[in-house]
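# Architecture and fold: a report
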Amino acid sequence: MNTIKRLIYFATAILTTVACNTQQTETQQESELIAITSQQFANDSMQLGHIELRPFENTIKCNGTIIPLPNGMAKVNAPVNGIIKRINCQNGQLVKKNQILAELTGNEIIDIQKEFAEASANYKRLKSEYERIKSLYNEKVTSEKDFMLSESDFKTAMAKYNALKLKIENIGFSISKIENGEFYSSYSIKSPINGYIASLQTNIGNYIDSQTELFQVINPEMFQIKLSVFANDISALQKGQTVRFKSVNSTATHNATISSVGVTVSNETKSIECYASINDLENITPIANDFIDSEIITNTDTVQTLPNEAIIKTDIGSFILVLNKQENDKYFFNKVEIKTGRQYKGYTEIQNTSITGLIATKGVYNISL
């Protein structure tokens, strides 16, 4: 009988100890949870959500400059030295191809016409003489020496005539008029392309030589982007990739497409020059030589993400709140440490793969861990 009583007392003691330990464990686990009242949840505009799969871009940041294509900018010079007689344009003015920009006059213009008229008359005379001597030579009437001398004079005159003729045509004068003795007192300089006038720094009465740049004409419809990319990033680039860019003084972003990737490292900048064509160029107003901030999108992948505001950053790491339970007008959360990656458009890449359940995605800024 005493043995039975002792067994009953022993079993009761064991059950009591187990119950106490279980209650203690539950209490400890309960104390490790973060409790938030429904009122605090509403006041802080907290929200619950899940980890989402979102596309994230891999990008390369670089600096760039807006420049014209080779055929999109023209430097205008005077083909013959002269004095500015008239200026028909101003900086910033839109001009068409072959539109007259300025008019020049001077003695050099008269002299080249006089020289051409003389060369033309001499060429025609020697041509006639050459044909006559050639005919006599073919008939064995004149010597080979006379024929070769006539041929030499004729070809020399022809070379001079053709050279001056090209200059006259380049100026825009009529060959037949000058050959008939009708000289021009001035000539016009025309725009070689469509575009806007830039770098106009001359005045009426200035003497201009053929080496002096009178204007620049820039066509904004033929702008492109020159990008400076570090050599260690160049292997990720290829034609057709998208470039997102903006002026350093603007918040508006635009897109371009890589058209060529350089193969030479600059000794000065230690970078490689790449070029991109601007998309929807007609809808924006880029400025030549404007500096831009840009990023090249090399590829896009899908990753697990949470909103940036769901992450609580501390001295020991980054954490999120995962809902454990909701009872008695309270929300109970587990504090879970996470490993973060890239950030993009308000979201952060979450590199932990085992997180499930509802997560506090908004309004955790007042919570101290």
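Our structure's up above, just so we're on the same page.
Described below are features of the structure shown in this document. (Residues numbered from 1 in each chain as written. Predicted model: local features only at pLDDT ≥ 70, side-chain atom pairs only at ≥ 80, totals over all residues. Heavy atoms only, no water.)

In spatial order, the strands read β4-β11-β9-β6; together these four strands make up an open sheet with antiparallel pairing. Each having just a single partner strand, β4 (73-77) and β6 (94-95) make up the two edges of the open sheet. Pairing geometry for strand β9 (residues 195-198) and strand β11 (residues 213-218), over three bridges, is antiparallel. When the bridges of β11 are listed, tyrosine 196 appears paired with isoleucine 218. (Pairing = 2+ DSSP bridges. Helix = DSSP H or I, 4+ residues; strand = E, 2+ residues; numbered from the N terminus.)

On to the sheet that holds strand β10 (residues 207-208), then. As a general point, the strands of a sheet are linked pairwise by backbone hydrogen bonds and lie either parallel or antiparallel. Here we have four strands laid out as an open sheet, ordered β8-β7-β5-β10, and antiparallel in their pairing. Each edge of the open sheet carries a strand with a single partner, namely β8 (186-190) and β10. As judged from the two bridges shared by strand β5 (residues 82-87) and β10, these two strands associate in the antiparallel manner. Looking across to β10, one finds that glycine 82 is bridged to isoleucine 208.

Under the definition given, this model contains 14 salt bridges. When the shortest N-O distance is used, the salt bridge between glutamate 129 and arginine 132 registers 2.7 Å. Taken together, the residues glutamate 129 and arginine 132, both in helix α3 (residues 107-138) and three residues apart, mark about one turn of the helix. Between arginine 342 and glutamate 349 there is a salt bridge, with its nearest N and O atoms 3.1 Å apart. A residue is classified by how much of its surface remains accessible, and arginine 342, at 24% relative accessible area, is partly exposed. A residue is classified by how much of its surface remains accessible, and glutamate 349, at 12% relative accessible area, is buried. It is possible to trace a salt-bridge network through shared partners that takes in Glu57, Lys61, Arg244 and Glu295. (Salt bridge = Lys/Arg side-chain N within 4 Å of Asp/Glu carboxyl O. Buried < 20%, exposed > 50% of the residue type's maximum accessible area, 1.4 Å probe, protein only.)

Take the environment of isoleucine 204 next. Inspection of the secondary structure puts isoleucine 204 in the loop between β9 and β10. When the C-alpha positions of isoleucine 204 and isoleucine 87 are compared, they lie 6.9 Å apart, and in sequence the two are 117 residues distant. Setting aside chain neighbours within four positions, we find isoleucine 204 in contact with Ile84, Lys85, Arg86 and Ile87. (Contact = heavy atoms within 4.5 Å.)

Between its first and last C-alpha atoms α3 spans 46 Å; for 32 residues at 1.5 Å apiece the expected length is 46 Å, and the two agree. What α3 keeps buried is the set Ile109, Ile112, Gln113, Phe116, Ala119, Ser120, Tyr123, Leu126, Tyr130 and Ile133. Positioned one or two residues after α3, lysine 140 has a phi angle of 65°, which is positive. (Expected span 1.5 Å × (residues − 1).)

Note that alanine 310 resides in the loop between β16 (291-307) and β17 (312-314). A relative accessible area of 0% means that alanine 310 is categorised as buried. Counting along the chain gives 139 residues from alanine 310 to isoleucine 171, while the straight-line C-alpha distance between them is 72 Å. Look past the residues within four positions of alanine 310 in its chain and what remains in contact with it is Phe319, Ile320, Ala360, Thr361 and Val364.

Purely geometric numbers; function is a separate question.
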